[in-house]
Amino acid sequence: MEHQLLIYNTLSRTKEVFKPLHAPHVGMYVCGPTVYGDPHLGHARPAITFDLLFRYLKHLGYKVRYVRNITDVGHLEHDADEGEDKIAKKARLEQLEPMEVAQYYTNRYHEAMDALNVLRPSIEPQASGHIIEQIELVEEILKNGYAYESQGSVYFDVAKYNKDHHYGKLSGRNLDDVLNTSRQLDGQEEKHNPADFALWKKAQPEHIMRWPSPWSDGFPGWHCECTAMGRKYLGAHFDIHGGGIDLIFPHHECEIAQSVASQGDDMVHYWMHNNMLTVNGQKMGKSYNNFITLEELFNGTHPLLEQAYTPMTIRFFTLQAHYRSTVDFGNEALKAAEKGLARLMDAVSGLERITPAKASTVDVKSLREKCYEAMDDDLNTPIVIAHLFEGAKMVNNLLAGNDTITAEDLKELKDTFHLFCFDILGLKAEAASNAAREEAFGHVVDMLLEERAKAKANKDWTTSDKIRNELTALGFEIKDGKEGTEWKLNK
Ligand SMILES: [Zn+2]
């Protein structure tokens, strides 16, 4: 590969040259959704970030096996191994079978991701379908002395592990920090140490999601699934593990501990994390009333939204920030992204109207090179987009006749736009949003009413009545007043 792709490894805290363990094959694992609620803004960012990486690696010629799991068991309400299972709780509230809940929200997630043009992963394993693998993992850790059984549950012995290895190397926390922030909750006296985490939980009698194990009828701890399924589908050592920055601790830290405690070393070569998003400068959360589902964004139905935003506007907006920077969602910024995307798509369609000339006065080669350079620098999409906007200016100058281009250069320019806009950034042309369409139709009605006003001024009553009657027949209510004519559509 001629490209030197740099990616930021959270583990080393530096940008490293990406060298797959078994080129041209690349193994990539990304933590997927816990399927107990509608997909929301927080799901869009990791999905788009790792879709970008998946697309780019494939473009560079790698054969990528992309595994993204579905968490349908074991994710409790609180990280400290307490509270109800998120899916079991939803099933109880809605009187459904837990797998009905999981299936329904998995489908909803897929629909939203398809709308965002996020490619489906190569394998999408479910935690509940890999209980045997998770039990095997727990047995290995027990055998190696890094876990203990307590009243039918099994816990990871963090203090013992930390004597031999480094617990906290990914998050930069040390064991004392962890102990200071871990609360000893009721019912946790079965843990030796508050920092210990569950590998297997004995199910309470009312708990419906349960499986037999050597220790009890119960269910696996949340962190087990990614270690067990990553190893099953990508091997004991693989290239990339990704997820949101909020998963670094405890989830990914625990995954590292589980892999070292079971197989003796790290499974993952590069750890990648996308940053968080805020809504109007605030963390998104149900308690802040700023929790926006993707459906609400696409329909514009959330009270904080001034209009609907198309899936491509959301995708473009997300990619306008580097994946390691925070992103703030707000109406102004989203509207600006909507305009920016329209400008880019206008340039793509404008390319089709350019007539080639004998000589070029524009430099098209460097556009492709500059876009590659930015992508190779840890997927720097804001820079790629800035270069594409330069390209859009070039297109406008060519259309205006200020510059000329040969047929060969025109082909290169088209190929570059298609490659980066569609194949790599994953954008696609979509119909204008409803708001934009309504605005355009509204202008047409205004134009008709101006014609009617002119006709009236010229005492051309036939034309003015015709316009009024036909608009009325279509459902428009026309009101003539001192300030001019007002209209509304009664439909
Ligand atoms: Zn995970």
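The structure we're discussing is the one just above.
Draft legend 1. Spotlight on the overall build of the protein chain. When helices and strands are counted, the protein chain shows 16 helices and 17 strands. Along the first, second and third principal axes, the C-alpha atoms of the protein chain reach 95 × 60 × 35 Å. Looking at the 491 residues of the protein chain, the share that counts as buried comes to 39%. Nonlocal contacts in the protein chain, meaning residues at least 24 apart in sequence, comprise 72% of its contacts between residues at least 6 apart.

Draft legend 2. Geometry of the nonpolar core. In terms of nonpolar packing, the biggest core is built from 119 residues, with Val-138, Ile-141, Ala-147, Phe-156 and Leu-199 touching the most fellow members. By residue number, the principal contributor to this core is helix α1 (residues 41–59), which donates 10 residues. Every residue in contact with Val-138, bar those within four places of it in the chain, is listed here: Ala-147, Val-154, Leu-199, Trp-200 and Cys-224.

Draft legend 3. Molecular detail of helix α10 (residues 311–319). The element α10 is extensively covered by neighbouring structure, given that nine of its nine residues are classed as buried. The inward-facing, buried residues of α10 contact α1, α3 (98–115), α9 (294–299), β15 (327–329), α11 (331–350) and α13 (381–399).

Draft legend 4. Region of the structure containing the sheet that holds strand β9 (residues 197–202). Taken in spatial order, the four strands make up an open sheet running β7-β8-β9-β10, and their pairing is antiparallel. The open sheet is flanked by β7 (147–150) and β10 (218–220), the only strands paired with a single partner. With strand direction ignored, the average angle separating the axes of adjacent strands in the sheet is 20°. Judged from the four bridges that link them, β7 and strand β8 (residues 153–156) form a sheet pairing that is antiparallel. Across the sheet, the residue bridging to Ser-150 is Ser-153, located in β8.

Draft legend 5. Representation of α3 in the model. Between the first and last C-alpha of α3 there are 26 Å, a value that for 18 residues agrees with the 26 Å anticipated at 1.5 Å per step. Along α3, the residues classified as buried are Pro-98, Val-101, Ala-102, Tyr-105, Tyr-109, Ala-112 and Met-113. Axial view of α3: buried residues confined to an arc of 95°, hence all on one face. Residues of α3 that are exposed and point over 90 degrees away from its buried face: Asn-107 and Asp-114. In this fold, the buried residues of α3 make contact with α1, α2 (86–94) and α9.

What counts, and at which threshold
Residues numbered from 1 in each chain as written. Predicted model: local features only at pLDDT ≥ 70, side-chain atom pairs only at ≥ 80, totals over all residues. Helix = DSSP H or I, 4+ residues; strand = E, 2+ residues; numbered from the N terminus. Buried ≥ 20, exposed ≤ 12 C-beta atoms within 10 Å, placed from the backbone. Contact = placed C-beta atoms within 7 Å. Core = buried A, V, L, I, M, F, W, Y, C linked by C-beta atoms within 7 Å. Pairing = 2+ DSSP bridges. Axes fitted to C-alpha atoms, helices over the stretch in contact; angles between N-to-C directions. Expected span 1.5 Å × (residues − 1). Arc of directions from axis to C-beta.

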